[in-house]
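Chain by chain, the residues run as shown.
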Amino acid sequence: MSNVVVPEVVLSSGARMPLIGMGGAATNLPPPDVLTSIFLDAIEVGYRHFDTAACYGSEEALGRAVAEALDRGLVKRRGDIFITTKLWCADAHPGLVLPALKKSLQGLGLEYVDLYLIHLPIRVKEGTEGFDFKGKMLPFDVKGTWEAMEECSKLGLAKSIGVSNFGTKKLSQILMHATIPPAVNQVEMNAGWQQGKLREYCKENGIHVSAWSPLGANGTSWGSSVVMESHVLKDIAIARGKTVAQVALRWIHEQGASVIVKSFNKERMKENLQILDWELSQEHSDKIKLRIPQRRGFSGEAFVSEDGPYKSLDELWDGDC
Ligand SMILES: NC(=O)c1ccc[n+]([C@@H]2O[C@H](COP(=O)([O-])OP(=O)(O)OC[C@H]3O[C@@H](n4cnc5c(N)ncnc54)[C@H](OP(=O)(O)O)[C@@H]3O)[C@@H](O)[C@H]2O)c1
Ligand SMILES: *[C@@H]1O[C@H](CO)[C@@H](O)[C@H](O)[C@H]1NC(C)=O
């Protein structure tokens, strides 16, 4: 079987991004050298887009995989691979954005990233370690943080810039002031949390949507089995001779979003790429749209408190559904 060639989307920045990306987050990351060989497997089977973040702990291993892929001739040029990384909440202070990107670049061993995202619309006190933000949250500075992201772009250190986990209201605040609009909003999106309203807004405003947890993150500490155990998806998978994962990913692909799917298993990596040469019937699409109960997998409850900047889930997510 020859390698799959993944189609690309042209972002508002003019850059091209492959529509299937490999995730770089896991509950328990394997040791760095193992992780590097996993990313090399992914390159071997056809992945050209990789998603990491300062807080994932996978930047170094990914960077080594890119270097080795170039050495081994798996890819010809750095430009053949699309790398995304993200600004963590403790660095979501205007003055810390550029240093944080430089640190990520150093870890990755790269001159530039293809896409730099604000990981969450959340700022915590400088130096905060870990994921417990209790009592450490500060109001998020949309305008100042985005200006610093624009600086990263102008310096050529990030070819495209964007956001992650932003709702419609926060996006509109960025668009009000931006000289460079966000190219991407990477959000939780899958058959069990379809994001209709947010996707409509992004489409109207030329912002590409990338879907994280496209399989509902089954098997991780933050995920659930709502996608992988969905009877609606299972029935369609049987009818089409596909796997549930393939049906779930194909549905996202047909909505025009890119999928960021994580598998560290080479067979499942291949399986997840086999979504390009067939389509869902209208009837099956409608079933997915109408018959799967909708619920956010990642609630965001931990970021909401009476004395914090977000006093309700609606404030955090802008009431989007
Ligand atoms: N921006 C954000 O805030 C944010 C949040 C969450 C995630 N993300 C990004 O999105 C990526 C993907 O999301 P995710 O990791 O949360 O969840 P996901 O891709 O929906 O699911 C990953 C889980 O599904 C399993 N899996 C993969 N392919 C499968 C298949 N064909 N059949 C059965 N199981 C399969 C994986 O196990 P195996 O590895 O064993 O195959 C893993 O346990 C992350 O890695 C990260 O890069 C971003
Ligand atoms: C979902 O995750 C559970 C727990 O890790 C696992 O036992 C199960 O096989 C997974 N389901 C699928 C369909 O991959």
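Residues numbered from 1 in each chain as written. Chains lettered and ligands numbered in written order. Predicted model: local features only at pLDDT ≥ 70, side-chain atom pairs only at ≥ 80, totals over all residues. Heavy atoms only, no water.

Looking up the protein chain in an unreviewed UniProt entry gives the name Methylecgonone reductase-like isoform X1, with the organism given as Rhodamnia argentea.

### With respect to the overall build of the protein chain
Note the following rule: Here a strand is any run of E in DSSP of at least two residues, a helix any run of H or I of at least four, and the numbering for each starts at the N terminus. Only protein chains enter the calculation, and the probe is 1.4 Å; a residue is then buried if its accessible area is under 20% of its type maximum, exposed if over 50%, and partly exposed in between. What makes two residues a contact is simply this: any of their non-hydrogen atoms within 4.5 Å. To be clear on the numbers: accessible area is Shrake-Rupley with a 1.4 Å probe, and residue cover counts the displayed protein chains and nothing else. Asp and Glu count as negative and Lys and Arg as positive, but His and the ends of the chain are not part of the count. Where a charge lies is defined by one atom per residue type: Lys uses NZ, Arg uses CZ, Asp uses CG and Glu uses CD.
Across its full length, the protein chain carries 11 helices and 12 strands. Counting only C-alpha atoms, the protein chain reaches 50 × 45 × 35 Å along its principal axes. Taking all 321 residues of the protein chain together, 54% fall into the buried category. Counting contacts in the protein chain only where the partners sit at least 6 residues apart, residues at least 24 apart contribute 71% of the total. Carbon together with sulfur atoms contributes 50% to the accessible area of the protein chain, which is approximately 14,400 Å² in total. Where the 36 positive side-chain charges of the protein chain centre and where its 39 negative ones centre are 2 Å apart.

### Brief notes about the site of ligand 1
Operational definition: One heavy atom within 4 Å of a molecule or strand makes the whole residue count as near it. We define a polar contact as two N or O atoms separated by no more than 3.5 Å, with the added condition that, inside protein, one atom must be a possible hydrogen donor and the other a possible acceptor, whereas residues neighbouring each other in sequence contribute only through side-chain atom pairs. Using a 1 Å grid laid over the protein atoms alone, points where a 1.4 Å probe fits but cannot get out form a cavity; open sets with protein on both sides within 12 Å along at least 5 of 7 lines form a pocket; any residue with an atom within 4 Å of a point counts as lining. For a molecule to be placed in a cavity or pocket, more than half of its atoms must lie within 2 Å of the grid points of that cavity or pocket. Residues are grouped as follows: nonpolar covers Ala, Val, Leu, Ile, Met, Phe, Trp, Tyr, Cys and Pro; charged covers Asp, Glu, Lys and Arg; every other residue, Gly included, is treated as polar.
Near ligand 1 lie 28 residues; those nearest to it are Asp51, Leu215, Lys262, Ser263 and Arg268. For ligand 1, an oxygen atom lies 3.4 Å from a polar atom in the side chain of His119. In the complex, 88% of the free accessible area of ligand 1, which totals 890 Å², lies under the protein chains. More than half of the atoms of ligand 1 fall within 2 Å of the grid points belonging to the largest pocket. Sorting the residues of the shell around ligand 1 by element identifies β12 (258-261) and α9 (266-273) as the ones contributing at least two each. Ranked by residues supplied to the shell around ligand 1, first place goes to α9 with 3 residues. In the shell around ligand 1, the residues fall into 12 nonpolar, 11 polar and 5 charged.

### Topic: the pattern of salt bridges
Here the idea is simple: oppositely charged side chains can pair when their charged atoms come close. Rules: We define a salt bridge as a side-chain nitrogen of Lys or Arg found within 4 Å of a carboxyl oxygen belonging to Asp or Glu.
Taken as a whole and assessed by the stated rule, the structure comprises 15 salt bridges. Across the pair Glu8 and Arg16 runs a salt bridge whose closest N-O atoms are separated by 2.8 Å. Salt bridges sharing common partners tie together Asp41, Glu44, Glu68, Arg72 and Lys266.

### A word on the sheet that holds strand β9 (residues 158-164)
Worth spelling out the cut-off: Think of it this way: DSSP has to see at least two bridges between two strands before they count as a pair. Whenever a helix is involved, its axis is fitted only over the stretch in contact; in every case the axis is a line through C-alpha atoms, and angles between N-to-C directions fall within 0 to 180 degrees.
Read around the closed barrel, 8 strands run β3-β4-β5-β6-β9-β10-β11-β12, paired in parallel fashion. This sheet shows a mean twist of 30° between the axes of neighbouring strands, independent of strand direction.

### Focus on the site of ligand 2
Around ligand 2 sit Asn218, Gly219, Met228 and Glu229, and those are all the residues in its vicinity. Contacts to ligand 2 include Asn218, whose side-chain N or O atom sits 2.7 Å from a nitrogen atom. Per-class residue counts for the shell around ligand 2 are 1 nonpolar, 2 polar and 1 charged.

### Some points on the UniProt feature "domain: NADP-dependent oxidoreductase" (unreviewed entry) in the protein chain
Definition in use: UniProt positions are given in the numbering used here, feature names are shortened, and annotations may be inferred rather than shown by experiment.
Under the UniProt annotation, the feature "domain: NADP-dependent oxidoreductase" (unreviewed entry) is placed at residues 21-288. The annotated region residues 21-288 carries 40% helix and 16% strand content, and the separation between its end C-alpha atoms amounts to 23 Å.

### Side note on the layout of surface pockets
Definition in use: Grid points are joined across faces, edges and corners, and a volume is the space filled by probe spheres set on the points.
Computed from the structure, the largest pocket encloses a volume of approximately 1,100 Å³. In this structure, the largest pocket is lined by 42 residues; those nearest its centre are Ala25, Ser213, Ala217, Thr220 and Trp222. Elements supplying a minimum of two residues to the lining of the largest pocket: β12 and α9. Top contributing element to the lining of the largest pocket by residue count: α9, with 3 residues.

### A few points about helix α7 (residues 231-240)
Stated formally: Note: the arc covers the axis-to-C-beta directions of the helix.
Every buried residue of α7 is listed here: Val232, Leu233, Ile236 and Ala237. Mapping the buried residues of α7 onto a view down its axis gives an arc of 130°, with all of them on the same face. Across from the buried face of α7, at angles greater than 90 degrees, the exposed residues are His231, Asp235, Ile238 and Ala239. Looking at the packing, one finds that the buried side of α7 touches α8 (244-254) and α10 (282-291).

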